[in-house]
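# Examination of the molecular architecture
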Amino acid sequence: MPALLSLGLLLSLAGRAACCAGLLTNTCVCVEERTKGPASPQLRRKVVCSRRELVDVPGSSLLPNGTVHLILSNNKIVLLKTGTFSGLRALEKLDLRNNLISTIETGAFNGLTALKRLDLSNNRIGCLTLGMFQSLTSLTRLNLSGNIFSTLNPDLLDGLTSLKVIDFNTEFLFCDCNLLRVLNWERNSSARISEETICSYPKALQGKPFKDLKESQLVCQGPLELPFLQLIPVLRQVVFQGDRLPFLCTATYLDNSTKVLWYHNGILVQPEEENGIIIMDSLVHDCSLISSELILSNIYLLASGEWECVIATSRGNASLKVEIVVIDTSATYCQADEVTNNRGEFRWPRTLAGITVYQPCLEHPYPSPSSEERKTSRKCNRAGVWEEADYSQCLYINDYTRVLSSFTLMPINNTNVLPLAHKLLDYTMEATNFLDMMDVIYVAQMIEAFIGWTDEIHDLGDLIVEMASNMMQVDGKVLRLAQEESGACTRMVGAVEKIAGLTLTSNSQTISKVSKNIAVEAFLVKPASYVGLSCTAFQRIRLHGGFEGQEEGVLPPLQFRCSTGNTNSSLRHFPIKNSMALASVQLPPALFAHSPSPDARSNSSCWLQFVAFRNGKLFPSAGNSSNLADHGKERSPSTPIIFAGAGSCVGELIDPLFVSLRHWQMGEDQVAAHWNFDLLDGLGGWQAAGCHIAQTRGNISTLHCSQFSNVAVLKRISNQSVPIHENVPILHPIIYTCTVFLLLCLFLAIIAYILRHNTIRISRKSWHMLLNLWFHISVTCAVFTGGINRKEYGLVCQVVGIVLHYASLSTLLWIGVSARVIYKEATQKVQRQQELELPAPAQRPMLRFYLIAGGIPLIICGITAAVNLQNYSNVSPYCWLAWKPSLGAFYVPAGFTILVSWIYFLGASLHLGCHQRGKGETQGLEEQPVVSSGHLADSASTSFGPWLGLENVYSLDAQLWALLSTQLLFISLWTFGALSVSQGLSWAALFSCLYGVGAVSLGLLVLIHHCLKRHDVCGTWLPCAKGPGGHAGSLMAGSSLEAAQSSGTNPFTAGGQCKLTNIQAALSQGERAVTTSPSLGGESEREAPACRSSVTQTCRSHRARTTPPADGKHQRARALRVATSSDAASSENGSIGGGQAESRPSRPSREGSTTMSEGSDTSSPGHSRGLQASLEKEAKRRSYPLNAANQNGTLRGSHYDVAMFGGEGGAAISAGLWKSETTV
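Described in the following lines is the structure provided in the data block.

What counts and how
Residues numbered from 1 in each chain as written. Predicted model: local features only at pLDDT ≥ 70, side-chain atom pairs only at ≥ 80, totals over all residues. Heavy atoms only, no water. Helix = DSSP H or I, 4+ residues; strand = E, 2+ residues; numbered from the N terminus. Buried < 20%, exposed > 50% of the residue type's maximum accessible area, 1.4 Å probe, protein only. Contact = heavy atoms within 4.5 Å. Areas by Shrake-Rupley, 256 points an atom, 1.4 Å probe, with all protein chains shown as cover. Salt bridge = Lys/Arg side-chain N within 4 Å of Asp/Glu carboxyl O. Polar contact = N/O pair within 3.5 Å; in protein donor to acceptor, adjacent residues only side chain to side chain. Pairing = 2+ DSSP bridges. Core = buried A, V, L, I, M, F, W, Y, C linked by side-chain atoms within 4.5 Å. Axes fitted to C-alpha atoms, helices over the stretch in contact; angles between N-to-C directions. Phe/Tyr/Trp six-rings, centres within 6.5 Å; stacked < 30°, edge-to-face > 60°. Lys NZ or Arg CZ within 6 Å of the ring centre and 35° of its normal. Disulfide = S-S within 2.5 Å. Patch = residues over 30% accessible without salt bridge, like charges linked within 9 Å, V, L, I, M, F, W, Y side chains within 5 Å. Arc of directions from axis to C-beta. Expected span 1.5 Å × (residues − 1). Parallel < 35°, antiparallel > 145°, perpendicular 65-115°, else oblique. Left-handed = near helix turned anticlockwise from the far one by under 90°. Nonpolar A, V, L, I, M, F, W, Y, C, P; charged D, E, K, R; others polar.

## Examining the overall build of the protein
Counting secondary structure elements, the protein contains 26 helices and 40 strands. By residue count, 50% of the 1224 residues in the protein fall in the buried class. Of the contacts made within the protein by residues no fewer than 6 positions apart, 71% connect residues no fewer than 24 positions apart. About 56400 Å² of surface is accessible on the protein, with carbon and sulfur atoms providing 55% of the total.

## Notes on the pattern of salt bridges
Any two side chains of opposite charge can pair if their charged atoms end up close together. Scanning all chains against the criterion turns up 19 salt bridges. The residue Lys211 makes a salt bridge to Glu195 at a minimum N-O spacing of 3.4 Å. Of the two residues, Lys211 sits in the loop between strand E10 (192–193) and strand E11 (229–232) while Glu195 sits in the loop between E10 and E11, which places them 16 residues apart along the sequence. Overall, the relative accessible area of 46% leaves Glu195 in the partly exposed class. Put simply, Glu323 and Arg236 hold a salt bridge, and the shortest N to O gap is 3.2 Å. With Glu323 in strand E20 (residues 316–327) and Arg236 in the loop between E11 and strand E12 (237–240), this pair connects stretches of sequence that are 87 residues apart. Residue Glu323 is classed as partly exposed on the basis of its relative accessible area of 32%. Relative accessible area serves as the criterion here: at 26%, Arg236 is assigned to the partly exposed category.

## Re the side chain of Arg45
Within the element layout of this structure, Arg45 appears in strand E2 (residues 43–48). Note on Arg45: relative accessible area 13%, which makes it buried. In this structure the side chain of Arg45 is engaged in a polar contact, spanning 2.6 Å, whose partner is the backbone oxygen of Asn65.

## So, the sheet that holds strand E14 (residues 259–264)
Spatial strand order, E12-E20-E19-E14-E15: five strands in an open sheet with mixed pairing. Among the strands making up the open sheet, the edge pair consists of E12 and strand E15 (267–268).

## Description of the nonpolar core
Ranked by size, the top nonpolar core spans 66 residues in total, and within it Tyr753 and Trp774 carry the most contacts. Beyond its immediate sequence surroundings of up to four residues, Tyr753 is in contact with Ile760, Ile762, Trp767, Leu770, Leu771, Trp774, His1010, Cys1011, Arg1014 and Val1017. Ala431, Ile451, Leu460 and Val478 belong to the second largest nonpolar core, which has 61 residues in total.

## Focus on the sheet that holds strand E35 (residues 657–662)
Reading across from one edge, E30-E29-E31-E35-E39-E38 is the order of the six strands in this open sheet, with antiparallel pairing throughout. Two strands bound the open sheet, and with one partner strand each, they are strand E30 (559–564) and strand E38 (691–697). Direction aside, the axes of adjacent strands within the sheet are offset by 20 degrees on average.

## Focus on the packing of aromatic side chains
Under the counting rule described, the total for this entry stands at 30 aromatic pairs. Measuring from centroid to centroid gives 5.7 Å for Phe168 and Phe210, while their planes differ by 70 degrees, and the two rings are edge-to-face. Here Phe210 lies in the loop between E10 and E11 and Phe168 lies in the loop between strand E9 (165–167) and helix H2 (180–188), a separation of 42 residues in the sequence. Judged by its relative accessible area of 1%, Phe168 falls in the buried class. Look at Phe346 and Tyr391: their rings are 4.9 Å apart centre to centre, the planes differ by 40 degrees, and that puts the pair in the tilted class. Of this pair, Phe346 sits in strand E23 (residues 344–348) while Tyr391 sits in the loop between strand E26 (375–379) and helix H3 (399–408), and the two are 45 residues apart along the sequence. On the basis of relative accessible area, Phe346 is assigned to the buried category, the value being 1%. Tyr391 sits in the buried class, given a relative accessible area of 13%. A network of ring pairs unites the aromatic residues Phe346, Trp348, Trp386 and Tyr391 as a single cluster. Sitting above the plane of the Tyr396 ring, Arg343 keeps its charged end 3.9 Å from the centroid. Residue placement shows Arg350 over the ring face of Tyr333; its charged tip is 3.0 Å from the ring centre.

## Focus: the state of the cysteines
Taken as a whole, this structure holds 11 disulfides when the rule is applied. Between Cys361 and Cys394 runs a disulfide, and the two sulfur atoms are separated by 1.8 Å. Taking the sign of the torsion about the S-S bond as the criterion, the disulfide between Cys361 and Cys394, at about -70 degrees, is left-handed. Of this pair, Cys361 sits in the loop between strand E25 (356–360) and E26 while Cys394 sits in the loop between E26 and H3, placing them 33 residues apart in sequence. Judged on exposure class, the residue Cys361 and its partner Cys394 are both buried. Bridging Cys797 to Cys879, the disulfide has an S-S length of 2.1 Å. Between Cys797 and Cys879, the S-S dihedral sits near -120 degrees, and the bridge is therefore left-handed. With a gap of 82 residues between them, Cys797 in helix H13 (residues 794–834) and Cys879 in the loop between helix H14 (847–867) and helix H15 (883–925) connect regions that are remote in the sequence. Each member of the pair, Cys797 together with Cys879, is buried. Summary of cysteine pairing: Cys738 is not part of a disulfide, and the nearest cysteine sulfur, belonging to Cys993, is at 8.4 Å.

## What about unusual backbone geometry?
The step from Tyr201 to Pro202 runs through a cis peptide bond, and the omega angle for that step is -5 degrees. Mapped onto the elements, Pro202 comes out in the loop between E10 and E11. Cis geometry marks the peptide bond from Ile232 to Pro233, where omega comes out at 10 degrees. Inspection of the secondary structure assignment puts Pro233 in the loop between E11 and E12. Even without being a glycine, Asp669 presents a positive backbone phi close to 55 degrees. Within the element layout of this structure, Asp669 appears in strand E36 (residues 665–676).

## Topic: a nonpolar patch on the surface
The grouping of Phe747, Ile751 and Leu755 at the surface amounts to a nonpolar patch, some 310 Å² of accessible area in total. Turning to its location among the elements, Phe747 is positioned in helix H11 (residues 733–755).

## Things to note about the side chain of Asn470
Within the secondary structure layout, Asn470 lies in helix H6 (residues 459–471). Here Thr428 takes part through its side chain, which lies 3.3 Å from a polar atom of the side chain of Asn470. Those residues in contact with Asn470 that sit more than four places away from it in its chain are Leu425, Thr428, Met429, Ala431 and Lys516.

## Observations regarding helix H7 (residues 476–486)
By the burial criterion, the buried members of H7 are Val478, Leu479, Ala482 and Gln483. Take H7 and look down its axis: the buried residues cluster within an arc of 135 degrees, on one side only. Among the exposed residues of H7, those pointing more than 90 degrees away from its buried face are Lys477 and Glu485. Where H7 begins, the capping side chain belongs to Asp475, and its oxygen is found 3.1 Å from the backbone nitrogen of Lys477. Of the residues trailing H7, Gly487 is marked for its positive phi of about 65 degrees.

## So, helix H5 (residues 437–451)
When the terminal C-alpha atoms of H5 are compared, their 21 Å separation across 15 residues agrees well with the 21 Å that a helix rising 1.5 Å per residue should span. For H5, the buried fraction is high: 11 of the 15 residues fall into the buried class. Buried within H5 we find Met438, Asp439, Val440, Ile441, Tyr442, Val443, Ala444, Met446, Ile447, Phe450 and Ile451. Against H3, helix H4 (417–428), H6, H7, helix H8 (488–496) and helix H9 (499–503) lie the buried residues of H5.

## As for the packing of H11 against helix H12 (residues 764–787)
Axis separation between H11 and H12 bottoms out at 10 Å; the angle between their running directions is 155 degrees. The orientation of H11 with respect to H12, classified from their angle, is roughly antiparallel. Where H11 crosses over H12, the two elements pack in a sense that is left-handed. Across the interface between the two elements, Ile735, Tyr736, Thr739, Leu742, Leu743, Leu746, Phe747, Ala749, Ile750, Tyr753 and Ile754 of H11 pack against Trp767, Leu770, Leu771, Trp774, Phe775, Ile777, Ser778, Cys781, Ala782, Phe784 and Thr785 of H12. Class assignment of the residues belonging to the contact of H11 with H12 gives a composition of 19 nonpolar, three polar and no charged.

## Considerations on the pairing of strand E29 (residues 533–540)
In terms of residue burial, E29 counts as a mostly covered element, since seven of its eight residues are buried. Across six bridges, E29 lies against E30 in antiparallel orientation. Opposite Ala537, over in E30, you have Phe560 as the bridge partner. Bridge analysis of E29 against strand E31 (residues 579–587) gives eight bridges, and the strand direction is antiparallel. If you follow Thr536 over to E31, its bridge partner there is Ser584.

Rendered as structure tokens:
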């Protein structure tokens, strides 16, 4: 903003600069102003030369006469020479602030007798010489602030008789006895010192205004304080003999008595160039700084020690020291070392033996608030080995550790203990991120501190239990290290088990603490009325896996159920519904039989406490435990840990405690043990004496213990987990039944399509897509039904989740790819009808569909599993992805795939709808029936009449709606299946039934539409079955006819009961067939390619994969007789559709046009070329009379050379067949 204002001022001044006469420089602008007053106005000129990078002041001859205000601020002027401003006698204001002025020569301001204001602030003026301002008799305001001088000589101001205000505030202003005269001058003259002039030194007067000081405060006694004192190098130097090392000492220059002296180990150093000691002469910089340089050009061994720079003045001395260590080349030293720990990364240099090295701590981005820099130290001992470094002064680099360490430094009282505990609880909720043992140690320290306030503030008990429960989420290795370091885990357990004795009172006789991993129950009972007590720790579960009320990734809370009396609590038959008992303890009725004070037994109360820990994470073995129950850390707890305790009113136990524990891991060599806090120097350990296993049935063990303690069963743990349920969790029976039905339908369809792959009439890519789609649907349903709730086996659950993830995404992608293929075929169909010669795209491999539908899910699943494999298990009540990862890894890709599929569905539907309407209009205009112009096969291939009714079944409309129905049924199937296992029991049955409806519907759709309604799939097994168009027939009817002819029998009488039906069906098809134009270029020729592209080209003839059998001599003769008779009949009727000569030109057209590009979305490139060749040969054929050439030529082709055409071509074939058979 100031720059904009200055620019505007300069522009305004530049516009008026032309009014100033005498300005001879273009680096300044001038403004003329006239004075206001009753007298005649006078012309006043203001010259602005600011921000012009000026190094020297413009000469007075270049400035106009009558200049009263000259601005030279914000330039780079360094020197003011004598007579610089001579000639500017009318000058009243001179602005020189924000330059680099360091020297002002005497007489620089001569001739400025009218100058009233002078601004020299923010320069580098250190020397203020006498007579500098002697000619400025009219000066009223002087600003010297922001320079580098430290004192001011009052004689400098003697000639300034008109001075009113002076400002000499600097960062180095030393308020001592040297400024006493300035204070007296101010009090004895009319001038005043600005309020902004404040003292910088000494520290006692720092920040106080100079004008408010008393004379007694301006003294030159006490220790010398220099505004600036520096010695380079700063840190200790380790050098080798013969090296060169320079020293530079710089200090504030007070007066002429200031000198720089050098000392070595307290001895004054003199220059000795022959010994390599060089002392340069002291230099004074701008009358403010003095510096001296000492150079050791050839360091000798005796140079080791302290080198000191002493600043000697008349007021005292000040000094700085640096230590130098000279190393002989044969000396012992420690090698360079790099250390990385929880305090940062430290690099220790190669160090001489016996030297302690210091390094600054890494404190970014948390710098130390104190003025002293935090350092760490490490000593290299005399043997040349590094000792342990002291990192206590450095902060932790981990955020959690740093915050938790700050908790331990806070003072605790009755007012802040509860808020502090809540804050600590918030941090322990993220205990899974604790990676340093110090995190556990600091939390244990705080829990011990809080337990001391529990008797006053009972709410602390709940917070302590929650904190300890959260700490059980820390990695076991970290807990073990913390236990070995300071017994942190044992201290937390001890604090939890002290809660009952501190909080139970006559007003609060029962406490119950519930958390994820720890449950606490305590009672205040009267021994006289005690009859026995049994408590069971349990957690809620659901029938279909998971835990009641459990959010994803959150374990169900542990809680106790206690009952009085001598009742045996069974873990297998726990009475609470949808719950699982984990541990129980039964106290005997004779618990108080040997009470230490029998009188107190009848009058007082005694507390009983029960604590259950979900696992043994807070009981890690530390130290040498080879003689303990864990046998040197080989055994570990395989059950929950349960604790029973009592007050001092309970004596020695007569009857043992009955403890039941459920195993959560398999293992061997099990042993009952209790935790002894006194073992291993207070760290604690497992001890087998006092407890033994009475019996073990399945995964439940019963123990007898003779003392109160934490009890568990230790085993050598294997990697296989024990199921947490007694019975394997099952889904609703409807899900199993309907899934089996769906799998049967899918497998039947897959097997049928594989066995019939040589004759089934679909394109190769459609065959691949259908098989892959059915396969992935079957994998999804089978894995869901068999493994969605197998949470008891961690590895199996992970595999189930990954397979479900992959198969679900792959199914949706195969549907999307199929939708794209239908869309491309629909659009190409319309284009081929509009332009017959449309070139087809080049063939593309089928591999791209597998890369899309199979590769993309594989990449997504691989990345998800690589990020965190635990996302597929142990985070939900079923084997599936956790909620947050599933959003990006499944639901977003699945939703996007479905959206793209529907876009293709909509586009294909619109194209097909427009095509149907256009086709209907064209057929309404063409009413004259004609005979088709011929693409007929030989007489041995006349069995394709039944295929004429397949147009509606195999049309793109039918494929589109079948694929759309499959997608909707699969989505509903997946949704209802997910809801059936994720919702409660009340909704599970409903969604299971909906799942069954979807599974049955999908199975029926696949079985009926893709198998039963296609006689090319089931025609071999059902030869007389109705075709899709409602006509009887079989795909291999032509083969039957050929077989009959070869056997010498009448094919219409001895060929089987279906052969006459085939002929009749062919005749009926021929009668119904209607062509639209008699000409080659008419509608029939345009319709034929469209029919081939929509029906024939979407069908797949696998006969190309099989080698046709060689025609024998008799077979060729019989075929020739049949063809000759057919030609004769056709010739008599004038038909051109039945002769063998018509087959020959149709063969290359058929081979080039009927088979689609097996990897592309459109027809093969030979379609147009084959059609053109056929038309040319047809024109030539018509020039022969009565097809004479055909009678003498050799019969080409066999019953495997089948020409596949659309509806019109098929009709002509049927008519020819009927005539041929009549002639025979």
